[in-house]
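Each chain, written out:
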Amino acid sequence: ASAVASGIIDFSIGTDTGGSIRVPASNCGVWGYRPSHGSISVSGVLTLAPSFDTVGILAQTGEILEKVMRVLLAEDNDDSDIFSSVCFVDDVFQVADKEILDELTQSLNKISDRYKVQTVKLAEITYPHVNCNWLFEQLGFLECTEIWNTFGSWIKNEAPKLSSGIEYNFQNYAESADRKVIQNSLYTKKAFQNQINNYLSNERILCFPTTVDL
């Protein structure tokens, strides 16, 4: 992200497991893209959390990002507007800092001028109990558990210095999680994804801030 933002290179690729393409792109003012899981091969990439790992793209401009995407996704579709409406996800806007919302105002107005827009809540398009807090809890547990399954043996053997938050999560969640709990979390994640995909199948696109705080 730093090299792209500095103009040293036109684009770069990297991994995105929990936001490592999207968040640096947002913070550095460049374009970032995390594809749907499995859209770009992760062959040869060191595993971190398998059901979250993706290869993403950082680019100086939207035009460069599109060119790279067409190569990596092997897509020839030239339709630029394949969706009929843009849906602002209210849950995420509600937890975003005022400074971020202020910066987004002009972009949101441009979107509203060009497309049919509506405001939706996650509970309306997935399940009644779903909100941002629920998503963060599900993400944190499952992602942490998968990372522990990947590196747990190494951590036990090498005892590296870990931040207090990571160490707490490993000890209280990942290391003690049994297979049934993990399978239930994977099932919950898949069900959530299916609900989102069903909603988007009607030519909709979801729009929300990449990062919610400064």
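A brief report on the enclosed structure follows. (Residues numbered from 1 in each chain as written. Predicted model: local features only at pLDDT ≥ 70, side-chain atom pairs only at ≥ 80, totals over all residues. Heavy atoms only, no water.)

### Details of the environment of A159
Then, number 1: Here A159 shows up in the loop between α7 (132-158) and α8 (164-174).
Then, number 2: As a C-alpha pair, A159 and V68 span 91 residues in sequence and 40 Å in three-dimensional space. (Helix = DSSP H or I, 4+ residues; strand = E, 2+ residues; numbered from the N terminus.)

### Remarks on the side chain of D53
Then, number 1: Locating D53 in the fold gives a position in the loop between β2 (31-33) and β3 (54-59).
Then, number 2: Of the polar contacts made by the side chain of D53, one reaches the side chain of T17; its length is 2.7 Å. (Polar contact = N/O pair within 3.5 Å; in protein donor to acceptor, adjacent residues only side chain to side chain.)

### Points about the packing of aromatic side chains
Then, number 1: For the structure on display, the rule yields three aromatic pairs.
Then, number 2: Centre to centre, the rings of F88 and F93 are 5.9 Å apart; their planes meet at 70 degrees, and the pair counts as edge-to-face. When sorted by exposure, F88 lands in the same class as F93, which is buried.
Then, number 3: Here the guanidinium or amino end of K189 rests over the ring plane of F52, the centre of that ring lying 3.7 Å away.
Then, number 4: Residue placement shows R204 over the ring face of Y199; its charged tip is 4.1 Å from the ring centre. (Phe/Tyr/Trp six-rings, centres within 6.5 Å; stacked < 30°, edge-to-face > 60°. Buried < 20%, exposed > 50% of the residue type's maximum accessible area, 1.4 Å probe, protein only. Lys NZ or Arg CZ within 6 Å of the ring centre and 35° of its normal.)

### Structural notes on the environment of V55
Then, number 1: Residue position: V55 is located in strand β3.
Then, number 2: Sequence separation of V55 and N202 is 147 residues, and the distance between their C-alpha atoms is 26 Å.
Then, number 3: Other than its neighbours up to four places away in sequence, V55 contacts I13, G14, P35, I40, S41, V42 and V45. (Contact = heavy atoms within 4.5 Å.)

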